[in-house]
Amino acid sequence: MSFWVGLCLGVTSLGCRGMLAESKQSAQADAPPEVTAPPELPAPRETPRPKENSKAPEVLAQPKGTATPSRTARERFDALLPLIDTPENALPAGPLPLQQIQQSVIQQFPLVLAAIQEAQVIAGKQQAAQGAFDVKLVAESLNMPQGYYENYRHLVKAEQPTLAGGSVYGQYRIGRGYFQPWYGERATNEGGEFKLGFATPLLRGRAIDERRAEIFRTDLQAGAVDPIIRQQQLESLLVASYVYWSWVAAGRMYVTTESLLDVAQQRNRGLARQEELGNLPRTEVQQNERLIATRQAKLIEANRKLQGAAVKLSLFLRDAAGDPIVPTVKQLPIDFPTMVDPRELPLEDAITAALDRRPELQLLQIDRQLVDVDLQLSQNELLPNLTAVMEASKDVGYPASSKGDKTPFELEAGLLFDVPVQRNKAHGKIQAARGKLNQLTQKQQFTVNKVVAEVQDAQVGRVAAFERVGRARRGAALAKELVLAEYRSFELGNSDLLRIAIQEAAELDAQILEIEALQDYFQAEAQYNAAIGLLPF
């Protein structure tokens, strides 16, 4: 379509052919070189001829001159000033792929790093639980320097709890002086007394006790660290993917909006020239200038959304120090990647994979195991306390008395027994533990249903978005054909600027619907990957 077609786009009352015949001679000297009609990405922006109280925003202003061939989307992005300056070495050159965002989330996103710290938290709990089996040292020094029975007693004891629920201990004590006759056992030979003993439960506390239960709990919690981390990674990657595709879509919408503005600005040059020659009423030029102002406003809004999407994306794109990086338009992909038909993937395999991978189900299983530990401990408390005790002792050195009763080797053994009659505490704990297990059974069933529903919904969303893209592309192609047909009709004098503006607006709407459909498709892909528990790395 020639430059003269651009001159014709403002004419309403006169036929195009008559106007061309009348103006060809007078405009021949001033006419710029012939260029083709604006393709899908129109020519550079140019400010319309200033009118009364009507100026284009400086951000969109271009020097007056002849039309030049249309710029590519990459050139449009590079010409757009970023809202926030980003250091040159912060991002590699070229378009920013989704994989780089995902890698940044896995390695630097604060919520993921916080989840990774759960391993250190559980490791600390495990070490603390092991503290119940630490060797315990006990020392005593009891002296009576004044009184009828003047005596001195000293004791050192080491006790080691065992994993069988009991303990082993060794003791050395020395008692010198005069003791009450009823406390004669406090006295030792001159070299003191050595004692070795152990105690072990035979009923309550034999299979499990609170010390071992705490170790079992912390070991189970350690197994939950990996599902916790993966759950946070899946949630963060899903949000990051949504934001990334919103950023890409905002870039495409900016280019589409600017292209339509360029069409109106390029047309305005021909209309202004026709007004100067007296071939066109002022109202036609004003109508086109109104379109320019409206499209400039839309472009400003598109620019704002693009910059806002970049700022949101910086929450997930971080440097080695963990600081956010606002991607510039130089890193913006010029288009969406190729789609894959989701109808070719079997849904049953996706559901099976999701039930195997989803961390929520693994965490619920660990919760059941934790409650099982509490149930075992509570059932153990129903048993009576029967403890076997054995001690061996030997005094050394000069005898403490003439009888020599402290000198022989001594061996002592016995049983200790106690039991609460009602045992309400144990029965109450058992009832609570069984109630929790029933709750977890219901939660597991619901979570399985929820995972299956999420996979099904994600698959339905992918298929719908894929089909919607096809329809939207068809609609955009038809809208473009209608615009070109309206241009040809205008050449023949059968159309006017208002009808052209309506068709151009319809083309913009169709292109935006296509961009939104593409955005929905790739966001549905992200939702599907999260639903089946698939991590990119």
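Structure's up top.
Residues numbered from 1 in each chain as written. Predicted model: local features only at pLDDT ≥ 70, side-chain atom pairs only at ≥ 80, totals over all residues. Heavy atoms only, no water.

### Regarding the overall build of the protein
Item 1. Regarding its fold elements, the protein presents 13 helices and six strands.
Item 2. In the protein, buried positions account for 42% of the 537 residues.
Item 3. For the protein, the computed accessible surface area is about 28,700 Å², with 57% contributed by carbon and sulfur atoms. (Helix = DSSP H or I, 4+ residues; strand = E, 2+ residues; numbered from the N terminus. Buried < 20%, exposed > 50% of the residue type's maximum accessible area, 1.4 Å probe, protein only. Areas by Shrake-Rupley, 256 points an atom, 1.4 Å probe, with all protein chains shown as cover.)

### With respect to the nonpolar core
Item 1. One finds Ile-101, Tyr-244, Trp-247 and Phe-336 to be the most contacted residues of the largest nonpolar core, which totals 43 residues.
Item 2. For this core, the secondary structure elements donating two or more residues are α4 (98–108), α8 (225–276), α9 (282–313), α12 (424–491) and α13 (497–531).
Item 3. Ranked by residues supplied to this core, first place goes to α8 with 13 residues.
Item 4. In this view, Trp-247 contacts Leu-96, Leu-306, Ala-309, Ala-310, Leu-313, Pro-327, Thr-328, Gln-331, Leu-332 and Pro-333; residues no more than four positions away in its chain are not counted.
Item 5. If you look at the next biggest cluster of nonpolar residues, it comprises ten residues, including Ala-350, Ile-351, Val-452 and Ile-532. (Core = buried A, V, L, I, M, F, W, Y, C linked by side-chain atoms within 4.5 Å. Contact = heavy atoms within 4.5 Å.)

### Description of the packing of helix α6 (residues 118–130) against helix α7 (residues 210–223)
Item 1. Viewed as axis vectors pointing N to C, α6 and α7 meet at an angle of 165 degrees, and their least axial separation amounts to 9 Å. By the angle between their directions, the pair α6 and α7 is classed as roughly antiparallel. The hand of the α6/α7 crossing is left-handed. Along the contact surface, α6 presents Ile-122, Lys-125, Gln-126, Ala-129 and Gln-130, while α7 presents Glu-214, Ile-215, Thr-218, Asp-219, Gln-221 and Ala-222.
Item 2. Of the residues belonging to the contact of α6 with α7, the class tally is four nonpolar, four polar and three charged. (Axes fitted to C-alpha atoms, helices over the stretch in contact; angles between N-to-C directions. Parallel < 35°, antiparallel > 145°, perpendicular 65-115°, else oblique. Left-handed = near helix turned anticlockwise from the far one by under 90°. Nonpolar A, V, L, I, M, F, W, Y, C, P; charged D, E, K, R; others polar.)

### Describing the pattern of salt bridges
Item 1. Counted by the stated rule, this structure contains 24 salt bridges.
Item 2. Glu-275 serves as the salt-bridge partner of Arg-282, at 3.4 Å between the closest nitrogen and oxygen.
Item 3. When the shortest N-O distance is used, the salt bridge between Glu-486 and Arg-499 registers 3.4 Å. In this pair, Glu-486 is assigned in helix α12 and Arg-499 in helix α13, connecting sequence segments 13 residues apart.
Item 4. Looking at Glu-486, the relative accessible area reads 9%, which means it is buried. (Salt bridge = Lys/Arg side-chain N within 4 Å of Asp/Glu carboxyl O.)

### A word on the side chain of Gln-459
Item 1. By the secondary structure assignment, Gln-459 is in helix α12.
Item 2. Classification of Gln-459 by relative accessible area gives buried; the value is 9%.
Item 3. Sequence-distant contacts of Gln-459, defined by excluding residues within four places in its chain, comprise Pro-342, Leu-345, Leu-347 and Tyr-528.

### Some remarks on the sheet that holds strand β3 (residues 167–177)
Item 1. In spatial order, the strands read β1-β2-β3-β4-β5-β6; together these six strands make up an open sheet with antiparallel pairing. Looking at which strands have only one partner, the edges of the open sheet turn out to be β1 (136–144) and β6 (410–418). Pairwise comparison of adjacent strand axes, ignoring direction, gives a mean angle of 15 degrees for this sheet.
Item 2. Judged from the nine bridges that link them, β1 and strand β2 (residues 151–161) form a sheet pairing that is antiparallel. (Pairing = 2+ DSSP bridges.)

In short, the description is geometric, and any link to function would need to be established separately.
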